[in-house]
Amino acid sequence: MEKAEFFVPGRTELGGNHTDHQGGCVLAAGVSFGMTALAAPNGTDTVKVRSKGFGEFSIDIGDTEPRPEEAGTPAALIRGVCNSFIESGNIFGGFDADVESEIPAGSGLSSSAAFEVLIGNIISRLFFGGTVPPVALAKMAQRAENVYFGKPCGMMDQLICAVGGVVSADFADPQAPQYRKIEYDFAKSGHALAIIECGAGHENLTADCAQRTKVMRLVAVDLGHERLCEATAAEFYSVFPLLRQKYGDRPVFRAMHFFEETRRAAEEANALSAGDFEEFLRLYRESAESSEQYLQNIVSENEPNHRLANAISAARNILSGAGAVRVHAGGFAGTAQAFVPEEMKQKFSKEMQSAGFSCLWPEIA
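Residues numbered from 1 in each chain as written. Predicted model: local features only at pLDDT ≥ 70, side-chain atom pairs only at ≥ 80, totals over all residues. Heavy atoms only, no water.

Of all 5 residues that make up strand β9 (residues 324–328), 5 are buried, and the element is covered over most of its length. Pairing analysis gives 5 bridges linking β9 to strand β10 (residues 335–341), with the strands arranged antiparallel. What sits directly across from A324, in β10, is F339. What sits between the antiparallel neighbours β9 and β10 is a turn of 6 residues, in which A329 has the positive phi angle 60 degrees. (Buried < 20%, exposed > 50% of the residue type's maximum accessible area, 1.4 Å probe, protein only. Helix = DSSP H or I, 4+ residues; strand = E, 2+ residues; numbered from the N terminus. Pairing = 2+ DSSP bridges.)

For the rest of this paragraph, the subject is the sheet that holds β9. Reading across from one edge, β9-β10-β8-β11 is the order of the 4 strands in this open sheet, with antiparallel pairing throughout. Bordering the open sheet on either side are β9 and β11 (358–360), each of which pairs with just one other strand. Mean inter-strand twist for the sheet, computed between neighbouring axes without regard to direction, equals 30 degrees. Strand direction decides the pairing type here: strand β8 (residues 191–197) and β10, joined by 7 bridges, are antiparallel. Looking at the pairing, I196 lines up with A336 of β10. (Axes fitted to C-alpha atoms, helices over the stretch in contact; angles between N-to-C directions.)

Summarising burial for strand β2 (residues 25–41): 12 of the 17 residues are buried, a large majority. Note that strand β1 (residues 4–15) and β2 share 10 bridges and pair antiparallel. Paired with A4 across the strands is A39, a residue of β2. In this structure, β2 lies alongside strand β6 (residues 166–170), joined through 5 bridges in antiparallel fashion. Residue pairing for β6: L27 is matched across the bridge by S168. The pairing of β2 with strand β5 (residues 95–101) spans 7 bridges and is antiparallel. Looking at the pairing, A40 lines up with D96 of β5.

We now examine the state of the cysteines. Applying the stated criterion to the full structure yields 0 disulfides. Residue C198 stays outside any disulfide, its sulfur separated by 12 Å from that of C359, the closest cysteine. Between C229, a cysteine without a disulfide, and C25, which holds the nearest cysteine sulfur, the sulfur-to-sulfur distance is 9.4 Å. (Disulfide = S-S within 2.5 Å.)

With that out of the way, let us pick up the nonpolar core. Counting residues in each nonpolar core, the largest one holds 58 residues, and the members touching the most others are I78, I122, F186, L272, F280 and F339. No other element matches helix α2 (residues 111–128), which puts 9 residues into this core. Residues C198, I312, V327 and M344 belong to the second largest nonpolar core, which totals 23 residues. (Core = buried A, V, L, I, M, F, W, Y, C linked by side-chain atoms within 4.5 Å.)

Moving on: helix α1 (residues 74–87). Here α1 is 14 residues long and its end C-alpha atoms lie 20 Å apart, about the 20 Å a rise of 1.5 Å per residue gives. With 12 of 14 residues buried, α1 is to be regarded as a mostly interior element. Here α1 has its buried residues at P74, A75, A76, L77, I78, R79, G80, V81, C82, N83, S84 and F85. Against β3 (46–51), β4 (55–60), α2 and α3 (134–149) lie the buried residues of α1. (Expected span 1.5 Å × (residues − 1). Contact = heavy atoms within 4.5 Å.)

Laid out in structure tokens, this is it:
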């Protein structure tokens, strides 16, 4: 049987930095860098995935329980996605898949989410006529990452990879997140998207990343809720001084970031829907300030060179008030993101390289 072709985009976050795990709103988009696969049923009960750069993995679909020794590996993601289909009562067979990725490792463009969704898409199309909805694929992918791979995360990355395009999403209901596609042609904005690689990874930053979610939930529980999305901003601000006295500044400032950022992500989506890129950029700059001042996910004691902060500072210096730059996705390390005026693209890339930071230039698609 001739192999079918598949493509899943990577994703870039445009607004809503660390709001999804608290049930907030995000604005994100699929990008031109993605993962492709050629796949076909093989008539067995074995899933065989060959991936350039990662090797070959074989999963027996009759044995899809989590394996602790696979945590952090592609095999865990494949096994987890397969298990979600089986647990949902969907019986399928084995297949062979050859996977290639254009998403650079550590680029913050969600290679793991793209891979999970790609496996789900292959199963959906080969055995169920491509009828599995994007939200269902995203939930399966998130579960694979949480339970099998061992990484706590919200569902933003998986949903955007499953839907593609520019997406405004609300995660108030984690079982059925609401989303809408935003029709905006970034090619007409006069700006290019830059992903700035700061040269420091997240290997030693798990505690920093987990702490954000922990303290936000701490404040939510104090307000009588499970997640911050269940409280109102007015409710939060009415006890703001008491919360600061009880928990200190950082947990409360991070909660404040959530309320302002989830509102801002929705406003960014509305600005793009109205074709107002300048208003989007204004809100984007506000998001950058909030992430740095209140979410505080730029500098970590566990990344002593502070390369992310230095990359953002270098980018702002080059842009000199034009365009905009902000932390991208996880924070503390990894990547920054910038919208660079087209006429400055060559200069920006050259001067960032001179400062020790390389740029990727994916298109929003």
